[in-house]
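Here are the chains, one letter per residue:
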Amino acid sequence: MKWVLLTVVVLALIGGGAYYVLTLEPTEIEEPVEEIDVAEEMGTRSITLFFSTADAQGFLRESRSVPTRRHRDEEVELVMAELLRGPRSQAAVNAFPRGTKLRRAFLDSSQRILYLDFNTALVSNLNPGSATELALLGSILRTVAIDFPEIESVQILVDGLEVETLGGHIDLTRPLRPENWL
Amino acid sequence: MRAARTFIAVLILTTALAPAPAGAQDAASLAPPPAGITQLDSPPTATWRALHADGRVDTRIELKQLLGGREEVFVAGSDLAEILQVGRFWRPDVRKLVLRVDDQRLTFTVGARSVVGAQRAILLRTPVAFHEGQAWIPLEFLTDVLPELTARTVEVDPERQRITLGQRRVNVTGLDIRRGEDTTELRLRLSEPLAFRVDDSRLHDLVIKIYGGALDPRDIALGQPQGLVNDVTSRQEEGFALVEVSLSELATRYQSLAEDEGTTILLRIEQAPVTLIPDPVPRGPHIVQTLPPESRGREVNVRRVVIDPGHGGTEVGAVGVGGLVEKDITLAVALQLERILERREDIEVVLTRTDDSFLGLVERTEMANREGADLFISLHCNAWADPRARGVETYFLAPAKSEWDAQVARTENTSTAAAEDLDFILWDLVQNLYIQESATLAEEVQTRLAEDLGLPNRGVKQAGFRVLVGAFMPAILVELGFLTNDDDASRLRDERWQRDAAEALADAIVEFRARMDALRERSR
């Protein structure tokens, strides 16, 4: 009798187990979602730069890394230096005129308005066309928007002073909002 | 969902040359590759990089041409799930792959062209393949289908062998339809004020072009007819969003206006009251009429046109091939345009400069305001570092945003210049009053220049041009061509071409004038 009972229990367990296995939904394969920025741990951060396409109708991205800095404005200077260096890709074009240098980048006390002070080459060596101005400003503002999302507006200065435009087109008398350039 | 249907229709049109259709997905689930096409055991493979727009995800994926003699490229289901960062679920028994993309469950079946989603079906040009123990998805899913289904963006750069994935920043956020007795109101909700233009040239269809608009086609779509609106579909284009509203045959006229400080686009569609007296007005192409927007108090009556030849004096503008100078060409075209328009008795032309003299940007707009101009057209020539770039483009001002003003006010309130700035900010908003007309004028000018002169069309665009800020009238800036391109430059310096360009501009002005006259007439 004991054996019969035991057999019934075992069979029931096997049956139940088999039923459970048969009705089991295949399990979902979850892919890893979390990303670890290895570069950041090593004292550098990866950045995204935007360069104009050859037809000046769009932008291409390039990733690079720069050393991290305690002050945001110093980090901006490093990113802008990379941008001024130009694209590695043959498909992209450097919109900055010859000899352009960033004299200084600084943030206001709220850390939300970024001032980018360029040397006069930005204006004097520029061959001004709407396409050139929009590509040049677009590459700056898109890069700021992605690499420094906390910055709300950017004021372009030339030799420490505000300018009306770079070459007669885009209004620079007031700060530009990076998000509007994405 | 109608957006999907339209999309499928497009795909079906392009399937004529594709392998034999696989039919319903279930029946085709285990079908072998279509006859005449063999699947390769060691297919051509390329390793590409897949990046996320934020620059953080950087994965290498393999793309394979799995079908002999065909160019279709496939990506492994596992790679696809990894780069999209979505859940993957593979059922080997029925060879089905399920991807959970955002809120949608998309089911791919080996051998089938259809992708079954939660609410809609999509047909690929090429069936899903089976290789190395898993499903391989045609790359067209990533490049063509995904951006249509979701707010995700996909950029493919074949030269550098990489794919960049991102998220579209949506600013056309929703659609509301309210039915009245004889009217149906359609509202598009925007997260920021955007300029738009309603094209009513197609019978029973209104096409709303939203400049700088970004939308998710799933948000702006209609499941079933509501009132006088039969259907709404939307799609994303480069630089603008298009919303197509298909009207009932009962609709007789509509009105378009901006509400809530420009953050709502309202279309009020009206049905003629039913009468027993036969309608004497013949029905047909004129069934849809435009009523003037109520949001504006001003009417545009084009009598005095201000033409602004860009640059001048010491400010030469762009310098091009063979030392060609922008200031000379803009002046030459402006003088031609003046000559052409002067033949008409009903249009008066004022030039901001008639010789090679310097004029500030603000002075140009101020002059137009002082002259009481009804139109302002600034003429320019383009320049770019790559000499291959060419073509014509027309700009109108990006509307000033109230949040932007608040931001400026916040940052400036520590300075003493507050009062002066306030004046400045309000003056900025002046062009906003005319933004719809400026868009219409820009479209008219761009179409005439591109079509009549056969120039590469770079499109109507918006940007923050200094010379357009503060214009108290419809105002645009035209880039006639690239001085830095050989072909464009040889045209720009040719006197006959300058006259043809001036003719095209004159035609556009006259057409715009007629459009504005018709609007005023109807409002009486």
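Residues numbered from 1 in each chain as written. Chains lettered and ligands numbered in written order. Predicted model: local features only at pLDDT ≥ 70, side-chain atom pairs only at ≥ 80, totals over all residues. Heavy atoms only, no water.

### Quick notes on the overall build of chain B
Along chain B, the regular secondary structure elements total ten helices and 27 strands. Out of the 524 residues belonging to chain B, those deemed buried represent 56%. Taking all contacts inside chain B whose residues are at least 6 apart in sequence as the whole, residues at least 24 apart take part in 66%. Of the roughly 22800 Å² of accessible surface on chain B, 49% is carried by carbon and sulfur atoms. (Helix = DSSP H or I, 4+ residues; strand = E, 2+ residues; numbered from the N terminus. Buried < 20%, exposed > 50% of the residue type's maximum accessible area, 1.4 Å probe, protein only. Contact = heavy atoms within 4.5 Å. Areas by Shrake-Rupley, 256 points an atom, 1.4 Å probe, with all protein chains shown as cover.)

### Focus: the pairing of strand S15 (residues 196-199) of chain B
Residue and element names in this part refer to chain B. Examined bridge by bridge, S15 and strand S16 (residues 205-211) share four bridges and lie antiparallel to one another. By the bridge assignment for S16, Arg197 is matched with Lys209. What sits between the antiparallel neighbours S15 and S16 is a turn of five residues, in which His204 has the positive phi angle 65 degrees. (Pairing = 2+ DSSP bridges.)

### Some thoughts on helix H8 (residues 435-453) of chain B
Relative to the 27 Å expected for 19 residues at 1.5 Å per residue, H8(B) spans 26 Å between its end C-alpha atoms, a close match to the ideal helical length. In terms of residue burial, H8(B) counts as a mostly covered element, since 16 of its 19 residues are buried. (Expected span 1.5 Å × (residues − 1).)

### Some words on the interface of chain A and chain B
Listed per partner, the contact involves 52 residues of chain A and 59 residues of chain B. Both faces combined, the contact of chain A with chain B buries some 4500 Å², and carbon together with sulfur accounts for 48% of it. At the boundary of chain A and chain B, one finds four salt bridges. In this structure, the connection of chain A to chain B is made through 17 residue pairs in polar contact (both at pLDDT 80 or more). It is helix H5 (residues 130-147) of chain A that contributes the most residues to the side of chain A that touches chain B, six residues altogether. For the side of chain A that touches chain B, the residue count by class is 18 nonpolar, 20 polar and 14 charged. (Buried area = accessible area lost by both parts, 1.4 Å probe. Salt bridge = Lys/Arg side-chain N within 4 Å of Asp/Glu carboxyl O. Polar contact = N/O pair within 3.5 Å; in protein donor to acceptor, adjacent residues only side chain to side chain. Nonpolar A, V, L, I, M, F, W, Y, C, P; charged D, E, K, R; others polar.)

### Here's the deal with the sheet that holds strand S18 (residues 240-247) of chain B
Residue and element names in this part refer to chain B. Spatially, four strands are ordered S15-S16-S18-S17 in an open sheet, and the strand pairing comes out antiparallel. At either end of the open sheet lies a strand with only one pairing partner, and these are S15 and strand S17 (229-237). Taken over all neighbouring pairs, the strand axes of this sheet differ in orientation by 15 degrees on average, direction set aside. (Axes fitted to C-alpha atoms, helices over the stretch in contact; angles between N-to-C directions.)

### Here's the deal with the nonpolar core
Ranked by internal contacts, the top residues of the largest apolar core, which has 117 residues, are A:Leu116, A:Ile140, B:Ile307 and B:Ile509. The element contributing the most residues to this core is helix H10 (residues 495-523) of chain B, with eleven residues. Excluding anything up to four places from it in sequence, A:Ile140 contacts A:Met80, A:Leu83, A:Phe96, A:Leu116, A:Phe118 and A:Ile156. B:Trp48, B:Ala50, B:Leu63 and B:Val145 belong to the second largest nonpolar core, which has 32 residues in total. (Core = buried A, V, L, I, M, F, W, Y, C linked by side-chain atoms within 4.5 Å.)

### Side note on the packing of aromatic side chains
Taken as a whole and assessed by the stated rule, the structure comprises seven aromatic pairs over all chains. With a centroid separation of 6.3 Å and an interplanar angle of 20 degrees, the aromatic rings of B:Trp90 and B:Phe130 are classed as stacked. Of this pair, B:Trp90 sits in strand S4 (residues 87-91) while B:Phe130 sits in strand S9 (residues 129-131), placing them 40 residues apart in sequence. Arranged with centres 4.7 Å apart and planes meeting at 85 degrees, the rings of B:Tyr211 and B:Phe396 form a pair that is edge-to-face. On the criterion of sequence distance, the pair formed by B:Tyr211 in strand S16 and B:Phe396 in strand S25 (residues 392-397) is long-range, its members being 185 residues apart. Comparing B:Tyr211 with B:Phe396, the two get one shared label, buried. Sitting over the face of the ring of A:Phe148, A:Arg45 holds its NZ or CZ atom 5.1 Å from the ring centroid. Over the aromatic face of B:Phe130 sits the side chain of B:Arg95, whose NZ or CZ is 3.7 Å from the ring centroid. (Phe/Tyr/Trp six-rings, centres within 6.5 Å; stacked < 30°, edge-to-face > 60°. Lys NZ or Arg CZ within 6 Å of the ring centre and 35° of its normal.)

### Concerning the side chain of B:Lys64
Residues and elements named next belong to chain B. With respect to the element layout, Lys64 can be found in strand S2 (residues 58-64). On the basis of relative accessibility, which here comes to 7%, the residue Lys64 falls in the buried class. Residues within four places of Lys64 in sequence aside, it is in contact with Pro43, Pro44, Thr45, Glu72, Val73, Phe74, His131, Glu132 and Trp136.

### A short note on the confidence of the model for chain A
This prediction gives chain A a mean pLDDT of 84; 77% of its residues lie at or above 70. For residues 21-41 of chain A, every residue scores under 50 in pLDDT, and the model assigns this stretch 22 contacts once sequence neighbours within four places are set aside. (pLDDT = per-residue confidence, 0-100.)

### A closer look at helix H2 (residues 77-84) of chain B
Most of H2(B) is tucked away, with seven of its eight residues classed as buried. Phi turns positive one or two residues past the end of H2(B), at B:Gln85, with a value near 55 degrees.

### Concerning unusual backbone geometry
Positive phi outside glycine occurs at A:Ala56, with the angle close to 60 degrees. Its location among the elements puts A:Ala56 in the loop between strand S1 (44-53) and strand S2 (59-67). On the basis of relative accessibility, which here comes to 15%, the residue A:Ala56 falls in the buried class. Positive phi values are uncommon outside glycine, yet B:Gln161 reaches one of about 50 degrees. Among the secondary structure elements, B:Gln161 is positioned in the loop between strand S11 (152-157) and strand S12 (162-167).

### Considering the packing of H2(B) against helix H3 (residues 140-149) of chain B
Residues and elements named next belong to chain B. At a minimum axis separation of 12 Å, H2 and H3 run at an interaxial angle of 45 degrees. For the element pair H2 / H3, the angle class is oblique. As for the relative orientation of H2 and H3, their crossing is right-handed in sense. Here H2 contributes Leu80, Ile83 and Leu84 to the contact with H3, which in turn contributes Phe141, Leu142 and Leu146. A breakdown of the residues in the contact of H2 with H3 according to their chemical character gives six nonpolar, no polar and no charged. (Parallel < 35°, antiparallel > 145°, perpendicular 65-115°, else oblique. Left-handed = near helix turned anticlockwise from the far one by under 90°.)

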